[in-house]
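Coordinates in review
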Amino acid sequence: MTALRLTWLLLKKDLRIAARSREMLGFTLLFAVLCVLVFAFGFLQEGTAAEGYVPGVLWVTLLFSSSVSLLRLFAAEEEGGTLELVSATSAGTVPLFVSKVLVQLLFTGLVTVVVLPMVLLFFNAELRGIGPIAASLLLGLIGQATVGTLCSALLVHVRLREVLLPLVLYPTVAPLLIGGVKVTALALAGAEGTRDWLTLMLVFDLLFVVASPWLHGRALAR
Amino acid sequence: MASAPLTARGIAWAAGDRFVLLDLDLDVHSGELLFISGHNGAGKTSLLAILRGASQATQGSVALNSVPLSEVATDYLAKRIAVLQHRPGLYFDLTGLENLQLFSSLIGRPLTDTEAEALLDRVGLPREAHHRRVRHYSRGMQQRTGLARIIASKADIWLLDEPSTGLDPGGRETLSTLLRQATDAGTAVLAVSHDQALIAKADRHLHLHDGRLHDMTTQQEAL
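All values derive from a computational prediction rather than experimental measurement.

If you tally the helices and strands in chain B, you get 8 helices and 10 strands. Its C-alpha atoms give chain B a radius of gyration of 17 Å, near enough to 17 Å, the size a compact globule of 223 residues would have. Its C-alpha atoms put chain B at 50 × 40 × 35 Å along the principal axes. A fraction of 66% describes how many contacts in chain B between residues 6 or more apart in sequence connect residues 24 or more apart. In the structure as shown, chain B presents an accessible area of about 9500 Å², 51% of it carried by carbon and sulfur atoms. Counting 22 positive and 25 negative side-chain charges, chain B places the centres of these two groups 4 Å from one another.

Attention now goes to the nonpolar core. Leu58, Val119 and Phe123 of chain A together with Tyr91 and Leu106 of chain B are the most contacted members of the largest nonpolar core, which totals 61 residues. By residue number, the principal contributor to this core is helix α6 (residues 94-122) of chain A, which donates 9 residues. Once you skip the residues sitting within four places of it in the chain, Leu106 of chain B turns out to touch Leu6, Leu9, Leu10, Val86 and Thr89 of chain A.

All right, on to the interface of chain B and chain A then. Contacts between the two partners involve 29 residues from chain B, matched on the other side by 23 residues from chain A. Summing the contributions of chain B and of chain A, the shared interface buries around 2300 Å²; its carbon and sulfur component is 57%. The largest share of the area that chain B buries against chain A comes from Arg87, Tyr91 and Leu106 of chain B, three residues that together contribute 28% of it. Put simply, chain B and chain A have 4 salt bridges between them. For the interface between chain B and chain A, the tally reads 10 residue pairs in polar contact (both at pLDDT 80 or more). For the side of chain B that touches chain A, the secondary structure elements donating two or more residues are α2 (74-80) and α3 (96-106) of chain B. Each residue belonging to the side of chain B that touches chain A can be placed in one class, and the counts come to 14 nonpolar, 7 polar and 8 charged.

As a further point, take the sheet that holds strand β2 (residues 18-28) of chain B. Residue and element names in this part refer to chain B. Across the sheet, 4 strands lie side by side as β2-β1-β4-β5; this open sheet has antiparallel pairing. Either end of the sheet is taken by a strand with one partner, and the two such strands are β2 and β5 (67-68). Two strands pair when backbone bridges link them, and strand β1 (residues 6-15) and strand β4 (residues 59-64) are joined in this way by 5 bridges, in the antiparallel orientation. Bridge assignment links Arg9 to a residue of β4, and that residue is Ser61.

To continue, consider the environment of Leu206 of chain B. Residues and elements named next belong to chain B. Within the secondary structure layout, Leu206 lies in strand β9 (residues 204-209). Assessed through its relative accessible area of 6%, Leu206 is described here as buried. Along the chain, Leu206 and Gly89 lie 117 residues apart, while their C-alpha atoms are 26 Å from each other.

On to the packing of helix α3 (residues 54-71) of chain A against α6 of chain A. Residues and elements named next belong to chain A. Put simply, α3 and α6 touch, their axes get as near as 10 Å, and they point 150° apart. Taken together, the axis directions place α3 and α6 in an arrangement best described as roughly antiparallel. Here α3 and α6 pass one another in a crossing that is right-handed. Contact with α3, carried on its side by Val54, Val57, Leu58, Thr61, Leu62, Ser65, Ser66, Ser69 and Leu70, involves Gln104, Phe107, Thr108, Val111, Thr112, Val115, Leu116, Val119 and Leu120 of α6 and no other residues of that element. Of the residues in the contact of α3 with α6, the class split is 11 nonpolar, 7 polar and no charged.

With that out of the way, let us pick up the environment of Ser153 of chain B. Checked against the element boundaries, Ser153 of chain B lands in the loop between α5 (139-152) and β7 (157-161). In sequence terms Ser153 of chain B and Pro110 of chain B are 43 residues apart; their C-alpha atoms lie 9.4 Å from each other.

Thresholds, definitions, all that
- Residues numbered from 1 in each chain as written.
- Chains lettered and ligands numbered in written order.
- Predicted model: local features only at pLDDT ≥ 70, side-chain atom pairs only at ≥ 80, totals over all residues.
- Heavy atoms only, no water.
- Helix = DSSP H or I, 4+ residues; strand = E, 2+ residues; numbered from the N terminus.
- Rg over C-alpha atoms; globule rule 2.2 N^0.38 Å.
- Contact = heavy atoms within 4.5 Å.
- Areas by Shrake-Rupley, 256 points an atom, 1.4 Å probe, with all protein chains shown as cover.
- Lys, Arg positive; Asp, Glu negative; His and termini not counted.
- Charge placed at Lys NZ, Arg CZ, Asp CG, Glu CD.
- Core = buried A, V, L, I, M, F, W, Y, C linked by side-chain atoms within 4.5 Å.
- Buried < 20%, exposed > 50% of the residue type's maximum accessible area, 1.4 Å probe, protein only.
- Buried area = accessible area lost by both parts, 1.4 Å probe.
- Salt bridge = Lys/Arg side-chain N within 4 Å of Asp/Glu carboxyl O.
- Polar contact = N/O pair within 3.5 Å; in protein donor to acceptor, adjacent residues only side chain to side chain.
- Nonpolar A, V, L, I, M, F, W, Y, C, P; charged D, E, K, R; others polar.
- Pairing = 2+ DSSP bridges.
- Axes fitted to C-alpha atoms, helices over the stretch in contact; angles between N-to-C directions.
- Parallel < 35°, antiparallel > 145°, perpendicular 65-115°, else oblique.
- Left-handed = near helix turned anticlockwise from the far one by under 90°.

Bear in mind that shape data such as this cannot, by itself, settle questions of function.
Printed below as a string of structure tokens:
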């Protein structure tokens, strides 16, 4: 059986479980909405320009909410004791890793679709420079999903992983966060210079997309 | 005596600074129903983990058909050795049928709906439960589904940790029959259990005590 077919089998299984339990997407969306509301209550004051907060609020919300779904990413495997069984395929652990990255990407993508209009609305901003912003979101979400899945897998058997996951994840994805904030700020202001930051995000993604499946395999090795 | 596809030599294993298993040799023979008993904490589950390559022995080696386990590819090992642990190895939000078909497909032995249904019937899972989520199964029903997963794997070595957990008397009888059918077909079955009724049907019974295996079959025969 090819790696692609194995990945599809595992992805289909995860989506079926997510559709039945609904907790993963539901909690992640709720957390993201609450995050935007808290930022809005904290930052917005009458008579001050609010648009400048948009990049920071958007990216920090996406990062925080991604860790909510990451903490549940391997929950089904832990509950039933299936991690060892789904890791031992003819294509090694790569199908498991890729399917989990795709699930995480799908969830954070859905969260972004909800969060972006909310942030623009609350902070009274107009969506300009849609091209660079879309590119930065795509690169940011791919990077976060890849690094996040790796961290989640490494910590799957670790006590206090709820505490450790953000401590490991946030510093690692800092280049993505900085790049995403810069691109969004420049694009909203109609300024030039987004290309360099997008290149930084692309390099980060390439590095982790190549290295993460291997590191994940090493972590799960017998 | 039949061939021994799984062999362990000089196995020692320490938990912290305490040695739980000491210089232990074991051959698991084709067509043999072998039971290992022992008190809690004797190291039975750890021994099973070492035998399937999930845990590394402090000393000694395990070989599958004379090839050291560390040199055997993970997917090949999954096809040759089927494992039933304390947890049944199932996704709780999939149905029994979906679980069976998923795990069979992952090891390259896919099952049709009819084949999967027949297997679940064989382990005694009620028809109405085939399409229910495992989350709503009793412990015994989960164990039966786990057992169906083991049979579906068509592995020639079964390593079972307390296989009668949660089973009612009917389920234990089914389990006993299935184990005998498997060994008659040439499968090597090693089960860790405290269930005396099940142990009574073993070809060989070893007792793990003070880190060493003691052959109870010869002692019982002598008595």
